[in-house]
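Here are the chains, one letter per residue:
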Amino acid sequence: MRKTILLTIICLAILPFIAADKHSSAATDANPFFTKYNTPFETPPFDRIKYEHYMPAFQKGMEQEKKEVAAITDDPESPTFQNTIEPLERSGYMLEKVRNVLFGLQSAELTDEIQNIANEVTPLLAKHRDDINLNEKLFRRVKAVYEQRERFGLTTEQAKLLDDTYKNFVRGGANLTAEQQERFRKINEELSTLSLKFDENVLKETNAFKLIIDKKEDLAGLPQRSIDGAAEAAKKAGMEGKWVFTVQKPSMIPFLQYADNRALREKIFNGYISRGDHNNEYDNKAIVSKIATLRVERAHLLGYKTHADFVLERNMAKTPQAVYEFMNKLWEPALKNAKKEREALQEMINKEGGTFKLAPWDWWYYAEKVKKAQYDLDEDELRPYFQMENVRRGAFDVASRLYGIRFVERTDIPCYADDVQSFEVLNNDGSHIGVLFTDYYPRGGKGPGAWMGSFRQHERIGDSIVTPIVYNVGNFSRPSGTVPGLLSLDEVETLFHEFGHALFGLLSGRSYQNLRLPRDGSELPSQIMEHWAFEPEVLRAYARHYTTGKPIPDALVEKIQKTKRFNQGFTTVEYLAASFLDMDWHTLKDTVRVDPVGFEKQTFADLGLIPEIVSRYRSPYFSHIFSGGYSAGYYSYIWAEVLDAD
């Protein structure tokens, strides 16, 4: 199950940008957003987009959508699906075009300039969306179509789009009084800016932490590739001769797994779990508390007891009670297994002569030792067989065999960074399906985690098809020196997982962009795709040693299969703890501000979470729920995993 969250946006060129007044008329000259992209498959022209192009494009996009909405409301004909719902669905094309690019860059390659533009435009976009959702004339037409839906002979897709559209208006405040709508607008504006600031703070806190090592003996236990990567990072930071480790997972996880220096393991672990909780300019605690109370207030305005009730009404789970019952069934056996694993790790500590009690920063280190003792498997010996390019090829091959499609790398499609690659996706008969971008290595401006999004979604307009442009973003172990990017088992699984999301975006074949999939169903395609990563037949095809080209030995394949359930108590408990935390935040019933640290402690105390395991996410950096689309929905990963198992 993956860590982060799906945001709907992606890549952009980071090339020298020309300083200009972004609001001047000159800024609109040759603005690539104003014309059809002159690129293969009309992918964004990353090499031509400049900072000064954004605000004029946003302004023009909002003006254009307002005119499109006015054309619907001023139509003298009686409302029908064809003259109301369909044109509303097709409206806002230009706005979506620029929005996908800006916020894709804001997630994948943030700069101060992009952040400033995002800060400026976010409240404007919130107001623009509310202007549409709260347009009384427009809602009357939508409602009229909805109430007469049986007489229009709609297809399944059309009926679904109508249902979603009507409910979006109701949930967007259309039935509120004028006074309530005014407050509703202010809440939405404030939430949009708070979420943006939350993400910015997490990124800056992540980038700020550096574990600087200047004594070679403090590197004891670490694999050479980790040492070389840290030396390279130090050199880039102007500290040649030292070693720099960060809380980006490709740097941190091997350190926690292998570094013999316990005090340094504690330091890097605490650096990771304390992000956003430092009482500095990037502290997220007040933001978390404010977001939670604003969501409660908005839910109350709309007639719901809690934000979770509001969200889950349209998910498969339907109610908070159903989610809690589902998670509680999993929690007890998972915690029982985690306690057994704790005993095994403590036994290993004692066996080695340790006189201390297992702590959270010890778990990864001693789990590796126990795995080596029980299965004769050291994860680091597997990495040479999982070169990133080979793993990606393995995922492509599975899709080719399952769905009859193929992937052809394109070097003529502009990308926003040197390590981003683009692929044309085709049917076996050569017909075009879409474009996939892959962006797999950490950068200073990239948010943590892994996600999939779209520059453009599939839809049908009359007899023509708009083909999708999707992307996968990750933060995997990057190449170092002459050694290519060699992935851990977790990174391999993540690549396959996110590729499952990409396949859904490429192959969904829907007629309308805004057909909505329930959040707790959206993870199913990716959960299913994960299974192929370590199937023996698939492994033998793509897992090849990066120097010899020889396939992974059967003995290692067998060990991978045997260890699939190793440490699953820990993995499930840390994940479920975060899921319970999410639900507790979003089942608050009043608007009294609470202290996030105390709130967390109470949640985990009520659960009986053992102190040796820390929740996968703490509130100050829980981007999935405070800036992503997973509020009252982080349970979705394991919900989909159960569907997948069925």
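Look up a bit, the structure's there.
Now for a description of the structure that goes with this document. (Residues numbered from 1 in each chain as written. Predicted model: local features only at pLDDT ≥ 70, side-chain atom pairs only at ≥ 80, totals over all residues. Heavy atoms only, no water.)

## Points about the nonpolar core
Thinking step 1. Residues F245, F255, I268, M327, W331 and W585 are the most contacted members of the largest nonpolar core, which totals 92 residues.
Thinking step 2. Broken down by element, this core gets its largest block of residues, 11 residues, from helix α13 (residues 320–351).
Thinking step 3. Not counting chain neighbours up to four residues away, the residues in contact with F245 comprise F209, K210, L211, I213, L219, L222, S226, A230, S251, F255 and I268.
Thinking step 4. In this structure, L382, V470, F499 and A543 belong to the second largest nonpolar core, which totals 41 residues. (Core = buried A, V, L, I, M, F, W, Y, C linked by side-chain atoms within 4.5 Å. Buried < 20%, exposed > 50% of the residue type's maximum accessible area, 1.4 Å probe, protein only. Helix = DSSP H or I, 4+ residues; strand = E, 2+ residues; numbered from the N terminus. Contact = heavy atoms within 4.5 Å.)

## Remarks on the side chain of E424
Thinking step 1. Looking at where E424 falls in the secondary structure, it is placed in strand β4 (residues 420–427).
Thinking step 2. Only 2.9 Å separates the side chain of E424 from the side chain of H432, close enough to count as a polar contact.
Thinking step 3. The contact partners of E424, leaving out residues within four places of it in the chain, are F41, R406, F407, V408, R410, H432 and G434. (Polar contact = N/O pair within 3.5 Å; in protein donor to acceptor, adjacent residues only side chain to side chain.)

## A look at unusual backbone geometry
Thinking step 1. The phi dihedral of K318 falls on the positive side, at around 75°, and the residue is not glycine.
Thinking step 2. For K318, the location among the structural elements is in the loop between α12 (307–312) and α13.

## Some thoughts on the environment of E368
Thinking step 1. The residue E368 is located in helix α14 (residues 360–375) in this model.
Thinking step 2. Residue classification places E368 among the buried positions, given a relative accessible area of 9%.
Thinking step 3. Expressed as a C-alpha distance, the spacing of E368 and K564, which sit 196 residues apart in the sequence, is 14 Å.
Thinking step 4. The residues touching E368, leaving out its near neighbours within four places in the chain, are Q257, Y258, D378 and E379.
Thinking step 5. For E368, the side chain forms a polar contact with the side chain of Q257, separated by 3.4 Å.

## Some details on the packing of helix α22 (residues 568–586) against helix α23 (residues 596–607)
Thinking step 1. Two elements in contact, α22 and α23, have axes separated by 10 Å at closest approach and are oriented at 120°. Here α23 runs oblique to α22, going by the angle between their axes. In the crossing of α22 with α23, the sense of the turn from one axis to the other is right-handed. Contact with α22, carried on its side by A577, F580, L581, D584 and W585, involves P596, F599, E600, T603, F604 and L607 of α23 and no other residues of that element.
Thinking step 2. Residues belonging to the contact of α22 with α23 are distributed by class as follows: eight nonpolar, one polar and two charged. (Axes fitted to C-alpha atoms, helices over the stretch in contact; angles between N-to-C directions. Parallel < 35°, antiparallel > 145°, perpendicular 65-115°, else oblique. Left-handed = near helix turned anticlockwise from the far one by under 90°. Nonpolar A, V, L, I, M, F, W, Y, C, P; charged D, E, K, R; others polar.)

## Considerations on the packing of helix α5 (residues 136–147) against helix α6 (residues 156–171)
Thinking step 1. One can describe the packing of α5 onto α6 by two numbers: an axis separation of 10 Å at closest approach and a directional angle of 140°. Here α5 lies oblique to α6, going by the angle between them. In terms of crossing hand, the pair formed by α5 and α6 is left-handed. Where α5 approaches α6, its residues L138, F139, V142, K143, V145 and Y146 are matched on the opposing element by L162, D163, T165, Y166, K167, F169 and V170.
Thinking step 2. Among the residues making up the contact of α5 with α6, the classes are represented as nine nonpolar, one polar and three charged.

Any functional reading would require information that these geometric values do not contain.
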